[in-house]
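Structural characterization, general
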Amino acid sequence: MTVTFRNSGHSPVRSGTVTFGTHVIGALGVDWATIESTVGLPAPIGAGQKKVKTWPVCVDAWRVPLGMHVETRDVSVKWE
């Protein structure tokens, strides 16, 4: 998952967390489960700057039965 972070504020962001919501989708499109994973924000991000970061998002094989697939649909950020 590649995410671009932009700091539109006037002071640097020094820390925070990023939470990904990866959905397990059934063969008929039904959303069976959401698996959350949290990683550290690629800080510091200076005022007016941007930073691009890529993470692997993994789900245990037993959570994705045959015929199902995963999609990371949700990303939230908590700035500290």
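All of the points below concern the structure found in this document. All values derive from a computational prediction rather than experimental measurement.

1. Regarding the nonpolar core
In this structure, Val3, Phe5, Val13, Val18, Phe20, Leu41, Ile45 and Trp55 together form the largest nonpolar core, which totals 8 residues. Those elements giving two or more residues to this core turn out to be strand E1 (2–6) and strand E2 (16–25). In this view, Phe20 contacts Met1, Val3, Ile35, Glu36, Ser37, Val39, Trp55, Val57, Thr72, Asp74 and Val75; residues no more than four positions away in its chain are not counted.

2. Some details on the side chain of His23
The residue His23 is located in strand E2 in this model. The class of His23 is buried, set by a relative accessible area of 8%.

3. Details of the pairing of strand E3 (residues 31–40)
Note: E2 against E3, 9 bridges, orientation antiparallel. Bridging from a neighbouring strand, Thr17 pairs with Gly40 of E3. Between E2 and the antiparallel strand that follows it, E3, lie 5 residues; Gly29 among them carries a positive phi value of about 90°.

Definitions and cut-offs
Residues numbered from 1 in each chain as written. Predicted model: local features only at pLDDT ≥ 70, side-chain atom pairs only at ≥ 80, totals over all residues. Heavy atoms only, no water. Core = buried A, V, L, I, M, F, W, Y, C linked by side-chain atoms within 4.5 Å. Buried < 20%, exposed > 50% of the residue type's maximum accessible area, 1.4 Å probe, protein only. Helix = DSSP H or I, 4+ residues; strand = E, 2+ residues; numbered from the N terminus. Contact = heavy atoms within 4.5 Å. Pairing = 2+ DSSP bridges.

Functional significance is not addressed by these values, which are geometric in nature.
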